[in-house]
Amino acid sequence: MASHGNPRPADGRIQVIDSHTEGEPTRVVLSGGPDLGSGSLASRVERFRIFHDDVRRLIVDEPRGSPIAVGALLCAPVAPVTTGVVFFNNVGYLGMCGHGTIGVFVTLHHLGRIAAPGTYRLETPVGVVSAELHNAHDVTFTNVASYRYRKDVELDVPGYGRVRGDVAWGGNWFFLVAEPTVELGLADVPALTDRTVAIRRELHRAGVTGADGAEIDHVELSGPPQRPDTDARNFVLCPGDAYDRSPCGTGTSAKMACLYADGKLAEGALWRQESVLGTRFVGQLVRRDGILYPAIRGSAYVTGETELLIDRDDPLIRSPRR
């Protein structure tokens with residue numbers, strides 16, 4: 001077992017590859033990241049959180065990163081799969097990341113570690129997901145089983161009145177609100193961010209959680225589509241108050257689970273989800289061993305190969321705390 005005592009990064013380099021999935025960036029860490037030892041991925045996430053959180057912030061926060069970047073640390077899996085991964089962002093760690101999964105597989109193909117087309121498996125802290133790489137850019141991943149936990153939860157949100165939504169699991173915990181009269185455009189992002197932050201704050205104040213008291217850290221607003229080839233448009237607030245530029249893979253999974261529970265989406269039927277940028281995921285519910293899983297297709301593109309330089313004399317070796 002490696003030592004995990006000193007959290008401060010030494011002088012050195014961290015090799016990363018950047019990509020975007022339907023507009024949302026992923027930064028895959030290839031080398032120079034923290035040694036998380038062995039054991040389950042959930043236990044390694046805790047080591048990351050306790051002993052190496054400064055490295056997380058160095059990789060994705062300013063001045064080397066940005067508030068919207070999602071990091072993906074590749075690590076040895078426990079299950080017999082292609083690789084293990086720990087996803088993280090500007091404020092913490094994610095159980096699963098849909099756009100990040102697509103970004104990871106496109107990055108692995110870019111590196112020549114996997115071929116296209118092909119089917120592969122990825123181990124995350126919340127379970128194993130599979131993916132079909134159709135070509136250099138297009139991936140369909142089959143997520144962990146998703147479900148609605150609570151229906152029609154009502155909140156009195158200061159400044160916004162009564163809000164009703166569903167609590168659902170899609171690899172992360174979501175509060176999904178249908179807001180057909182709210183504009184979901186790029187010009188509306190500041191107002192949408194304030195609205196969803198207020199909703200999440202009220203969820204916490206009211207003690208509304210996911211299963212086993214899990215924190216609901218994603219809020220999704222849904223409305224009519226703007227593209228003719230989609231079924232709905234969304235705005236997703238992520239942990240850290242950044243919004244998802246992609247249609248959100250885990251959010252689309254949670255949405256499809258709620259639609260299925262309401263009898264509005266049949267097994268195998270396509271659900272075409274549009275992001276606030278106008279990009280698109282295409283999803284459907286597929287049955288395996290009697291269980292329905294969300295399968296979501298999207299595209300990613302490599303945008304850079306980078307070495308992050310770590311200099312102990314840099315006064316911002318630790319990025320400014322939020």
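See the structure shown above.
Numbers given to residues run from 1 along each chain, matching the order in which its sequence is written. It should be noted that, the model being predicted, local features are given only for residues of pLDDT at least 70 and side-chain atom pairs only at 80 or more, the latter also being counted only at that level, while totals for whole chains, interfaces and linings use all residues. Values reported for side chains reflect all heavy atoms of the structure, with hydrogen atoms and water molecules removed beforehand.

Novice: How should the overall build of the protein chain be read in this particular structure?
Specialist: Counting its regular elements, the protein chain contains 5 helices and 16 strands. Throughout, the radius of gyration refers to the C-alpha atoms, and the reference size of a globule is 2.2 Å times the residue count to the power 0.38. What you see for the protein chain is a C-alpha radius of gyration of 19 Å, in line with the 20 Å of a compact globule of 322 residues. Expressed along its principal axes, the backbone C-alpha trace of the protein chain runs to roughly 50 × 45 × 35 Å. The burial tally for the protein chain puts 55% of its 322 residues in the buried class. Within the protein chain, contacts between residues at least 6 apart in sequence are counted, and of these 64% link residues at least 24 apart. When charges are counted, Lys and Arg are positive and Asp and Glu negative, with His and the chain ends excluded. Charge coordinates come from a single atom per side chain, which is NZ of Lys, CZ of Arg, CG of Asp or CD of Glu. Charged side chains of the protein chain number 34 positive and 39 negative; the gap between the two group centres comes to 2 Å. Here a strand is any run of E in DSSP of at least two residues, a helix any run of H or I of at least four, and the numbering for each starts at the N terminus. Note on classification: 1.4 Å probe, protein chains only; a residue is buried when its accessible area is under 20% of the maximum for its type, exposed when over 50%, partly exposed between these limits. Contacts are assigned to residue pairs that have any heavy atoms within 4.5 Å of one another.

Novice: Would you take a moment to explain the side chain of R233 for this structure?
Specialist: Structurally, R233 is set in strand 13 (residues 232–237). Note on R233: relative accessible area 5%, which makes it buried. Contacts described as polar in this section are N or O atom pairs within 3.5 Å, which, within protein, must combine one atom able to donate a hydrogen with one able to accept it, while residues neighboring in sequence count only if both atoms come from side chains. Among the polar contacts made by the side chain of R233, one reaches the main-chain carbonyl oxygen of L184 at a distance of 2.5 Å. A polar atom in the side chain of R233 sits 2.4 Å from the side chain of E274.

Novice: Help me understand the packing of aromatic side chains in this model?
Specialist: Geometry of an aromatic ring pair is reported as the spacing of the ring centres plus the angle between the planes. Under the pairing criterion, centres of Phe, Tyr and Trp rings, with the six-membered ring standing for Trp, must be within 6.5 Å; the plane angle then separates stacked pairs below 30 degrees from edge-to-face pairs above 60, leaving the rest tilted. According to the stated counting rule, one finds 7 aromatic pairs in the structure shown. Between W169 and W173 the ring centres are 5.2 Å apart and the planes differ by 55°, which places this aromatic pair in the tilted class. You'll find W169 and W173 in the same group, each marked buried. One aromatic cluster in this structure is built from Y147, Y149, W169 and W173.

Novice: Can you walk me through the nonpolar core in this structure?
Specialist: Generally speaking, soluble globular proteins have nonpolar side chains that are buried together. Counting 59 residues, the largest nonpolar core has F87, V104, F105, F175, I199, L203 and F235 as its most contacted members. Leave out the neighbours within four places in its chain, and V104 touches V28, A72, L74, V85, F87 and L122. To qualify as a nonpolar core, a set must consist of buried Ala, Val, Leu, Ile, Met, Phe, Trp, Tyr and Cys residues joined through side-chain atoms within 4.5 Å. Within the second largest apolar cluster, 20 residues are counted, among which are L41, V55, V60 and A69.

Novice: Mind showing me how you'd approach the pattern of salt bridges here?
Specialist: Side chains that differ in charge, positive against negative, can pair when their charged atoms come close. We define a salt bridge as a contact between a side-chain nitrogen of Lys or Arg and a carboxyl oxygen of Asp or Glu at a distance within 4 Å. Overall, the coordinates contain 22 salt bridges when judged by the stated rule. Of the charged contacts, one joins D54 and R57 as a salt bridge, the two residues approaching to 3.2 Å between their closest N and O atoms. With D54 and R57 both in helix 2 (residues 53–60), this residue pair falls 3 residues apart, about one helical turn. Residues D54 and R57 agree in their burial class; the two are buried. Its salt-bridge partner being R162, residue D156 comes within 2.7 Å of it at the nearest N-O pair. A relative accessible area of 46% means that D156 is categorised as partly exposed. Each of R148, K151, D152, D166 and D262 takes part in a single network of salt bridges with overlapping partners.

Taken by themselves, the reported measurements are silent on function.
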